[in-house]
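A structural walkthrough
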Amino acid sequence: MPAIDGYLRCAHLVREQLAAPEVRLSWDSPSVLAQWTVAGLAGHLARSVLLLPGIVAAQVDDGDPLVSAVEYFVSALPDADLHSGSQIAVGVRERGLEAAGSGVEDLLTRVDVVIGDLETDLRARPEGHVITALGMRLTLRDYLMTRLVEMTVHADDLAVSVSAPAPSFPAEVEQMVVSTLALIALRRRGFPAVVRGLARAERAPGVITAF
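Reading guide: rules and limits
Residues numbered from 1 in each chain as written. Predicted model: local features only at pLDDT ≥ 70, side-chain atom pairs only at ≥ 80, totals over all residues. Heavy atoms only, no water. Helix = DSSP H or I, 4+ residues; strand = E, 2+ residues; numbered from the N terminus. Buried < 20%, exposed > 50% of the residue type's maximum accessible area, 1.4 Å probe, protein only. Polar contact = N/O pair within 3.5 Å; in protein donor to acceptor, adjacent residues only side chain to side chain. Contact = heavy atoms within 4.5 Å. Phe/Tyr/Trp six-rings, centres within 6.5 Å; stacked < 30°, edge-to-face > 60°. Pairing = 2+ DSSP bridges.

**A word on the side chain of Thr-146**
Inspection of the secondary structure assignment puts Thr-146 in helix α8 (residues 140–161). The exposure class of Thr-146 is buried, given its relative accessible area of 0%. One polar contact links the side chain of Thr-146 to the main-chain carbonyl oxygen of Tyr-143, over a distance of 2.5 Å. Apart from the residues lying within four places of it in its own chain, the contact partners of Thr-146 are Ala-69, Tyr-72, Phe-73 and Leu-138.

**Quick look at the packing of aromatic side chains**
For the coordinates displayed, the defined rule picks out three aromatic pairs. Judged by centre distance (5.6 Å) and plane angle (80°), the ring pair of Tyr-72 and Phe-73 falls under edge-to-face. Side by side, Tyr-72 and Phe-73 carry an identical accessibility label, which is buried. A network of ring pairs unites the aromatic residues Tyr-72, Phe-73, Tyr-143 and Phe-211 as a single cluster.

**A few points about the pairing of strand β2 (residues 136–139)**
One face of the sheet, then the other: side chains in a regular strand alternate in exactly this way. Residues Met-136 and Leu-138 of β2 are buried on one face, and the alternating residues Arg-137 and Thr-139, pointing to the opposite face, are buried as well. Relative to β2, strand β1 (residues 130–133) runs antiparallel, the two being bridged by four bridges. Of the residues in β2, the one forming a bridge with Ala-133 is Met-136. Connecting the antiparallel pair β1 and β2 is a turn made up of two residues, with Leu-134 showing a positive phi of about 55°.

Such coordinate-based values are descriptive only and should not be taken to indicate function.
This is the structure in structure tokens:
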């Protein structure tokens, strides 16, 4: 599946999840993530849609080499900044709340407009189109892979937070996300830990997560 098709399908699924009555009822409640409200988590999830038009349209200067989706995550989220009290984590929570706006209807209105624009804009661009995000240069395909990881991971967080089913993502998207997460885990944990965690329960280390 082309990354653009997978991304747009997931964007629609996330939009449906944000509109679920369980999200509306739990909007101001704590989420399953430490120090996150449901509203902040919903806003963070929506940012994978809301920020994309500006990123795709921005002028990109020639310069640093292109990085992969895996390298993007490893650079953007160093181990020292993965805990909830880090400066990066605090900033992410604040931006999620800001994106949430005044409530579900406000958020959905903005998401709907952006998805409509992306349906035209993304399909008009090659997946090799180069963008800049967090000071790194990526192809559009690789950046959309990072958004698929973000959307699927946080859609599950939101579903658990409001006691509702998670979206059913396309099988091709699930495979792309799992492959990306496995490669991030490989970079963070090392080959022996990942192999043992996946294949040898009796020798599995305590943690082989990507984040």
